[in-house]
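So you can see what is in the structure, the chains are spelled out below.
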Amino acid sequence: MAKIDWYDKFVDFKYSPAKDDVIALFYFEPAAGMSKKEAAGRIASESSTGTWTTLTSLPPRMKGLEATAFEMDGNYLKVAYPIGLWEKGNLCQLLSGIAGNIFGMKALKNLRLIDASIPPALLKSFKGPQFGMEGIRKRMGVKKRPLTGAVVKPKIGFSAAEHSKIAFETWMGGFDFVKDDENLTSLSFNRFEDRLKRMTKLRDKAEALTGEKKSAFFNITAEVGEMMRRAEMVADHGWDYVMIDVVVTGNSAVQTMRDYLGDLGLAIHAHRAMHAAFDRNPKHGLTMQFLAKTMRMLGVNNIHTGTAVGKLVGTKPEVQAIADVLREKKTKAKKGLILEQEWGNIKSVFPASSGGLHPGLVPDVMDIYGNDMVLLVSGGIHGHPKGTRAGAMAVMQAIDAKMEGVSLKEKAKNNEELREALGKWGRYKPK
Ligand code: CAP
Ligand code: MG
């Protein structure tokens, strides 16, 4: 009887990857009745040149394009993909291969793409961020401390006038950025243009009063043509940043917008709303580390990365691995978490730590990230007993304390705002 399938051709534990192979690291669990080796062959096959059955005619070129499952360690698998499989500068095509059909195969009970190392020959076809962390620091005039920002809360429901007043209070409390929330775009009660105009006036006032640079992440998330229109408005009003919900808009939109915004001199704050639909299950989907990597390749300037101590899921080692992917010139491998990645000329990205933070948690977050981050504290400033401005001041005092190596308790002795914040929240970790 003729052989039906050919998955075994895609496994070779003696294979040593070529310098310009893409290497993907997977966690996998075969379905009942399937050996690990058979399952591994199916992963490599379906994500490269193979299909479910042997074929009758194969040109000689095919051999050179086949992926190889070459290393198996328990339920962890490495697959090498020849560079010829990939179109330069096309992230969507890369994902349709290494993160495509394979997630739905009956042969697998679970499959998780943990990371993929991208060889220089492919990496250099992506632009990366227009400004690295250094460039953003320069634009903001902030040398060492974490950059600070707050979302106006509640996240949606304020009029443009109410929203802008809260923004002003946030800046006056010492924060660098005010951020629209992920679901605030242009609503009947708060139109984008109205918000932009009012915020512009109050930004100018806050800058004049404080002598500091103030900025905002305007959420332009919409259909691409509309995002372009909104981005132009933002640039016309003299701003330097926009925000995009990068998972819901999609890679192609982000890539197009990176170019468009680059021409306007606008940086991108990437909100990751919906990421947990595919990165939360530890056995299936793809990881936040890998999402962060793709966003650095496409060229966002900040991206949400979690807190480990706040209200949303994400462990400390994961958060640190994501930060390594975004910030390092050469990301070192961490077993089961990330692969080594040489970043070449691709600039760095700020991790944005957000979700359930307040002044009492600032030292914990700074222990995890150090100073190179965008620290977003929202409910944790607007819920301060004395209001938004005092809340922002309390966060700035907590940052100073950490940088001076002083405890919050000590710092609070001479800083009323911090004292009151600690009185309300202490070191509370929200759920
Ligand atoms: C935070 C936030 C952010 C989340 C996103 C919110 O508000 O505005 O969207 O942090 O999650 O709506 O929850 P608070 P992540 O500071 O008031 O919690 O950063 O993990 O992507
Ligand atoms: Mg939000």
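Residues numbered from 1 in each chain as written. Chains lettered and ligands numbered in written order. Predicted model: local features only at pLDDT ≥ 70, side-chain atom pairs only at ≥ 80, totals over all residues. Heavy atoms only, no water.

Considerations on the pairing of strand E5 (residues 147-151)
E5 sits mainly inside the fold: 5 of its 5 residues count as buried. Of the two faces of E5, both are covered, the one formed by Leu 147, Gly 149 and Val 151 as well as the one formed by Thr 148 and Ala 150. Taken together, the 3 bridges between E5 and strand E15 (residues 374-376) define a ladder with parallel strand orientation. Each residue of the ladder has a partner; that of Leu 147, found in E15, is Val 374. Of the pairings in the sheet, the one linking E5 to strand E6 (residues 177-179) comprises 3 bridges and is parallel in character. Opposite Ala 150, over in E6, you have Val 178 as the bridge partner. (Buried < 20%, exposed > 50% of the residue type's maximum accessible area, 1.4 Å probe, protein only. Helix = DSSP H or I, 4+ residues; strand = E, 2+ residues; numbered from the N terminus. Pairing = 2+ DSSP bridges.)

Points about the site of ligand 1
Surveying the vicinity of ligand 1 reveals 15 residues, the closest of which are Arg 272, His 304, Lys 311, Ser 354 and Gly 356. Between ligand 1 and Asp 181 there is a distance of 3.2 Å, counted from an oxygen atom to a side-chain nitrogen or oxygen. At 3.0 Å, a side-chain N or O of Glu 182 approaches an oxygen atom of ligand 1. Protein chains bury 92% of the 480 Å² of accessible surface belonging to ligand 1 in isolation. Split into classes, the residues belonging to the shell around ligand 1 amount to 2 nonpolar, 7 polar and 6 charged. (Near = heavy atom within 4 Å. Polar contact = N/O pair within 3.5 Å; in protein donor to acceptor, adjacent residues only side chain to side chain. Areas by Shrake-Rupley, 256 points an atom, 1.4 Å probe, with all protein chains shown as cover. Nonpolar A, V, L, I, M, F, W, Y, C, P; charged D, E, K, R; others polar.)

Quick look at the domain arrangement of the protein chain
Splitting the protein chain by domain gives domain 1 (7-123) and domain 2 (133-425). The interface is formed by 24 residues belonging to domain 1 together with 28 residues belonging to domain 2. Carbon and sulfur atoms supply 60% of the area buried between domain 1 and domain 2, which totals about 2200 Å² over both sides. Counting the surface domain 1 buries against domain 2, the share from its top three residues, Leu 91, Arg 112 and Leu 123, is 31%. Summed over the shared surface of domain 1 and domain 2, the number is 3 salt bridges. Joining domain 1 to domain 2, the criterion identifies 16 residue pairs in polar contact (both at pLDDT 80 or more). Those elements that place two or more of their residues in the side of domain 1 that touches domain 2 are strand E1 (22-30), strand E3 (76-81), helix H2 (91-98) and strand E4 (108-117). The element contributing the most residues to the side of domain 1 that touches domain 2 is E4, with 8 residues. Here the residues of the side of domain 1 that touches domain 2 sort into 16 nonpolar, 3 polar and 5 charged. (Domains from an automatic or database assignment. Contact = heavy atoms within 4.5 Å. Buried area = accessible area lost by both parts, 1.4 Å probe. Salt bridge = Lys/Arg side-chain N within 4 Å of Asp/Glu carboxyl O.)

Topic: the pairing of E1
Counted residue by residue, E1 has 9 buried out of 9 residues, so it is predominantly covered. Going residue by residue along E1, you find Val 22, Ala 24, Phe 26, Phe 28 and Pro 30 tucked away on one face and Ile 23, Leu 25, Tyr 27 and Glu 29 tucked away on the opposite face as well. In the sheet, E1 pairs with E3 via 6 bridges, with the strands oriented antiparallel. Within E3, the residue paired with Phe 26 across the bridge is Leu 77.

Things to note about the pattern of salt bridges
In this structure the tally under the stated criterion is 32 salt bridges. Here Lys 127 ties to Asp 259 by a salt bridge, and the two come within 2.7 Å at their closest N and O atoms. Of this pair, Lys 127 sits in the loop between helix H3 (120-123) and helix H4 (133-140) while Asp 259 sits in helix H9 (residues 251-264); the two residues are 132 residues apart in sequence, bridging distant segments of the chain. A salt bridge links Lys 153 to Asp 181, with the shortest nitrogen-to-oxygen separation between them at 2.7 Å. Here Lys 153, found in the loop between E5 and helix H5 (160-172), pairs with Asp 181, found in the loop between E6 and helix H6 (192-210); they are 28 residues apart in sequence, far enough to count as distant. Looking at Lys 153, the relative accessible area reads 24%, which means it is partly exposed. For Asp 181, a relative accessible area of 3% translates into the label buried. Salt bridges linked by common partners bring Glu 29, Lys 109 and Lys 283 together as one network.

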